[in-house]
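So you can see what is in the structure, the chains are spelled out below.
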Amino acid sequence: KRGFLVMTMALALAACDDDSPTAPEDPNVVTFTAQLSAANEVPPITNAESTARGDARMVFNLTRDAANNITGATVNFTVNLNSFPAGSSWTLAHIHEGAAGVAGGVRINTGLTPATAIALTNGGVQNQQFTSQPVTDATVINNIINNPAGFYFNAHTALNPGGAVRGQLVRQ
């Protein structure tokens, strides 16, 4: 009997193993990343910023109605840029609609403007954070969630006002 009791206790403890998460992911938080490159711009960058690179992380904080439909979101952006010529000026950054190789319209803005441009004194910046204004177009939010490859993040500079680095969104 003692052996059976010991075996039962051992099995019960093994079942409590915490290698797998017990809490479900928050359905109101959706994260995307983008690997940025000057070569991804349309057309690709060929001037002094042609070696520029970076990455972006975008965390969508969703709002929902009583029926659980997405009604809006705010987006927290964290951007890293590197390999720009020293002294470049980062003037804009957005999420655009458009598949790889296709230029598209702005759908979500970081809030960066030429008036609030960020100097890339040493050719880059690390962990630059922005939070979007509330996005109230639920169709855009749902389209990004359902087809992230149809959207891209890009950063614009004074030298490349149409975009200096770009990367398609990937859901994490």
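Conventions used here
- One numbering rule holds for all chains: residues counted from 1, following each sequence as written.
- In view of the model being predicted, local features appear only for residues whose pLDDT reaches at least 70, and side-chain atom pairs are presented and counted only at 80 or more, with totals across whole chains, interfaces and linings using the full set of residues.
- Hydrogen atoms and water are omitted, and side-chain values are computed over all heavy atoms in the structure.
- Strands are runs of DSSP state E lasting at least 2 residues, helices are runs of H or I lasting at least 4, and numbering of each runs from the N terminus.
- Whether a residue is buried, partly exposed or exposed follows from its accessible area with a 1.4 Å probe, protein chains only, as a fraction of its type maximum: under 20%, in between, or over 50%, in that order.
- Contacts: residue pairs with any heavy atoms within 4.5 Å of one another.
- For every accessible area listed, the method is Shrake-Rupley and the probe measures 1.4 Å; residues are considered covered only by the protein chains on display.
- Stacked, tilted and edge-to-face are the three classes applied to pairs of Phe, Tyr and Trp rings, where Trp contributes its six-membered ring and a pair requires centres within 6.5 Å; stacked means planes under 30 degrees apart, edge-to-face means over 60, and tilted covers the rest.
- The term nonpolar core refers to a set of buried residues drawn from Ala, Val, Leu, Ile, Met, Phe, Trp, Tyr and Cys, joined through side-chain atoms within 4.5 Å.
- Counting rule applied: Lys, Arg positive; Asp, Glu negative; His and chain ends not counted.
- A side-chain nitrogen of Lys or Arg and a carboxyl oxygen of Asp or Glu constitute a salt bridge if their distance falls within 4 Å.
- Polar contacts here mean pairs of N or O atoms no more than 3.5 Å apart (in protein, one a potential hydrogen donor and the other a potential acceptor; neighbouring residues in sequence count only if both atoms are side-chain atoms).

Undergrad: Could you clarify how one ought to interpret the overall build of the chain in this entry?
TA: Scanning the chain for helices and strands turns up two helices and ten strands. Taking all 172 residues of the chain together, 38% fall into the buried category. If you take every contact in the chain between residues at least 6 apart in sequence, the share linking residues at least 24 apart comes to 68%. For the chain, the exposed surface amounts to about 9,500 Å²; the carbon and sulfur share of it is 56%.

Undergrad: Explain the environment of Ile108 here, please?
TA: With respect to the helices and strands, Ile108 occurs in strand E5 (residues 106-109). On the basis of relative accessible area, Ile108 is assigned to the buried category, the value being 3%. When the C-alpha atoms of Ile108 and Ser132 are compared, they prove to be 7.3 Å apart, with 24 residues separating the residues in sequence.

Undergrad: Just to check I follow, could you spell out the packing of aromatic side chains for this structure?
TA: Between two aromatic rings, the relevant description is the distance of the centres plus the angle of the planes. Using the criterion set out here, one finds three aromatic pairs in the structure. Here Phe77 and Phe153 contribute two aromatic rings whose centre-to-centre distance is 5.9 Å and whose plane-to-plane angle is 40°, an arrangement assigned as tilted. With a gap of 76 residues between them, Phe77 in strand E3 (residues 70-82) and Phe153 in strand E8 (residues 151-157) connect regions that are remote in the sequence. Under the relative-accessibility criterion, Phe77 is labelled buried at 1%. Accessibility expressed as a relative area gives 0% for Phe153, which makes it buried.

Undergrad: Can you walk me through unusual backbone geometry in this structure?
TA: Trans is the common state for peptide bonds, and a negative phi is the common state for residues other than glycine. The omega angle of the peptide bond from Val42 to Pro43 is -10°, so this bond is cis rather than trans. One can find Pro43 in the loop between strand E1 (29-37) and strand E2 (53-64). With a phi close to 75°, Asn68 is a non-glycine residue in the positive phi region. Position of Asn68 relative to the elements: it lies in the loop between E2 and E3. Look at Asn127: it is not a glycine, yet its phi comes out positive at around 55°. With respect to the helices, strands and loops of the structure, Asn127 is situated in strand E7 (residues 125-131).

Undergrad: Looking at this structure, how should I read the nonpolar core?
TA: Soluble, globular proteins show a tendency: their nonpolar side chains are buried together. Among the nonpolar cores identified, the biggest contains 38 residues, and Met58, Phe60, Leu81, Trp90, Ile95 and Phe153 are the most heavily contacted of them. Of all the secondary structure elements, the ones that give two or more residues to this core are E1, E2, E3, strand E4 (88-97), strand E6 (118-120), E7, helix H2 (138-146) and E8. Broken down by element, the residue count for this core peaks at six residues, all from E3.

Undergrad: Can you walk me through the side chain of Glu41 in this structure?
TA: Inspection of the secondary structure puts Glu41 in the loop between E1 and E2. Although Glu41 is buried, it makes no salt bridge; Arg166 carries the closest opposite charge, 5.2 Å away. Looking at Glu41, its side chain comes within polar contact range of the side chain of Asn154, at 3.2 Å.

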